[in-house]
Amino acid sequence: MSAVSQQEYDQFRDSVRRLTVSKIAPHAAEVDRTASIPRVGYAAVQEAGLIGLVIPEDRGGQGGDLMSQVIVMEEISRGCATTALSLMSSWSHIDTLCKHGDPKHFEQVFAEIGSGKTVGAWCYTEPSGGSDLAGLKTAAQKTDDGWVLNGRKRFITNATWADWYVVLARTSKETTGVFLVNRNDPGVSFGKLESKMGFRGSPTADVIFDGVKLPRSREVGDPQKGWDIAMSSLLDSRCWVAAQALGIAQGALDAAVSYTSERQAFGQAVSKFQLVRAMVADMVLKIEASRALLYSVVGMVHSDPVKARAFTSMAKVQCTDTANAVTTDAVQLHGGYGYLQDFPVERMMRDAKITQIWEGTNQIQRMIIAKHAYGSSSRGA
């Protein structure tokens, strides 16, 4: 993809914002209230060609760069974070196949997911732990003609909706591999749907593999280098999570500014009170500082991926902590009404919390950041 000008990015952002306002955000409250899959929002995303943003142009996609992906994630999350999450899960799946899979084997997957016929899912987490990917127990046993997969993955986004899964599994005591699995493969089943605090419309469940036979063509990259494949996918996906959190924060700020401008107390708009204006100013500062960090990291991911590992962690921590702080303040600025489901800030506050947990908890991210700080210090650690 050729270099994109700032004006083109701005125009693209405006188009995604219009799409979100007109076709996605109006359904967000109902998706949350009924815990229903965001089919209308996802269809709108597909119709706009945004699913193919992570697929190179020579494979029939849009070939969008990471900045355009971050813009999409930010703007859609501003209106409906659940729709953005469904898109992000498919992106993560497709991105891994694009980078490490054999195009001859995955044309069907690209066609199905890229057209919006189905969604994809990435299976990292296990019952024994989420952030400890090195401790995974799911195993792929090599056979004469392929592999046999056994194990259980937990908290899988799009679990019961997706048709295709990318699965990290142990291939020996020392090595891991990544495999492509279809929901109709014999031996694939699901646990119960989880009842969650937020993102209620996103189906989350265990994905269970009981003697699932996979041909060699289902290998994604080198079956001895699954850890490297998983780590490479996290650079982009942590930027997406940061953008998602940033969008939630911006949506909450928008709602708080609108509400306090209209709400009257003591004969004037609530927005006239100094303490209210100070809270809003602090919300703006947190969002803009987070946005500046995230955007600077985006340019680093492909130019210096080694350095980017620590900086994507910084962006993930900063943006997700900001989302939690800003949505909490937005609820406060709504007063008692902020505690009601009639107003979007209540949903945004619940949605924001998980962003500090998935894609590696913020505690894990801080360990990565500290390791970077000590590693770049002349004193060492």
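In what follows, the structure referred to is the one given above.
First, a word on scope: everything that follows refers to the structure included in this document.

Procedures and definitions
Residues numbered from 1 in each chain as written. Predicted model: local features only at pLDDT ≥ 70, side-chain atom pairs only at ≥ 80, totals over all residues. Heavy atoms only, no water. Phe/Tyr/Trp six-rings, centres within 6.5 Å; stacked < 30°, edge-to-face > 60°. Buried < 20%, exposed > 50% of the residue type's maximum accessible area, 1.4 Å probe, protein only. Helix = DSSP H or I, 4+ residues; strand = E, 2+ residues; numbered from the N terminus. Contact = heavy atoms within 4.5 Å. Salt bridge = Lys/Arg side-chain N within 4 Å of Asp/Glu carboxyl O. Core = buried A, V, L, I, M, F, W, Y, C linked by side-chain atoms within 4.5 Å. Axes fitted to C-alpha atoms, helices over the stretch in contact; angles between N-to-C directions. Left-handed = near helix turned anticlockwise from the far one by under 90°. Nonpolar A, V, L, I, M, F, W, Y, C, P; charged D, E, K, R; others polar. Expected span 1.5 Å × (residues − 1).

With that out of the way, let us pick up the packing of aromatic side chains. Scanning the entire structure with this criterion turns up ten aromatic pairs. Between Phe266 and Phe273, the aromatic rings sit 6.3 Å apart at their centres with planes inclined by 85 degrees, giving edge-to-face as the arrangement. Ring geometry for Tyr337 versus Phe343: centroids 5.7 Å apart, planes at 55 degrees, classification tilted. On the basis of relative accessibility, which here comes to 24%, the residue Phe343 falls in the partly exposed class.

Assignment of secondary structure puts Ser68 in helix H4 (residues 66-79). Not counting the four nearest positions on each side in its chain, Ser68 is found in contact with Tyr9, Phe12 and Leu53.

Our next topic: the pattern of salt bridges. In the structure shown here, the tally under the stated rule is 21 salt bridges. Here Asp163 makes a salt bridge to Arg183, at a shortest N to O gap of 3.9 Å. Taken together, the residues Asp163 in the loop between strand E3 (146-157) and strand E4 (164-170) and Arg183 in the loop between strand E5 (176-182) and strand E6 (188-190) connect sequence positions 20 residues apart. Each member of the salt-bridge network shares a partner with another, and the members are Arg13, Arg17, Glu74, Glu75, Arg78, Asp254, Glu288 and Arg291.

With 111 residues, the main nonpolar core has Ile76, Leu87, Leu149, Val181, Phe209 and Leu294 as its most contacted residues. A total of 18 residues in this core trace back to one element, the largest contributor, which is helix H7 (residues 226-262). Every residue in contact with Ile76, bar those within four places of it in the chain, is listed here: Val16, Thr20, Ile24, Val45, Leu50, Ala81, Thr83, Ala84 and Leu87.

Where H4 meets H7, the closest approach of the two axes is 7 Å, and the angle between their N-to-C directions is 35 degrees. The chirality of how H4 crosses H7 is right-handed. Across from Leu66, Gln69, Val70, Met73, Glu74, Ser77 and Arg78 in H4, the residues of H7 making contact are Asp236, Cys239, Trp240, Ala243, Gln244, Leu246, Gly247, Ile248, Gln250, Gly251 and Asp254. For the contact of H4 with H7, the class distribution of residues is eight nonpolar, six polar and four charged.

Here helix H5 (residues 81-100) spans 28 Å end to end across 20 residues, near enough to the 28 Å set by a 1.5 Å rise per residue. Across the 20 residues that make up H5, a large majority, 18, are buried.

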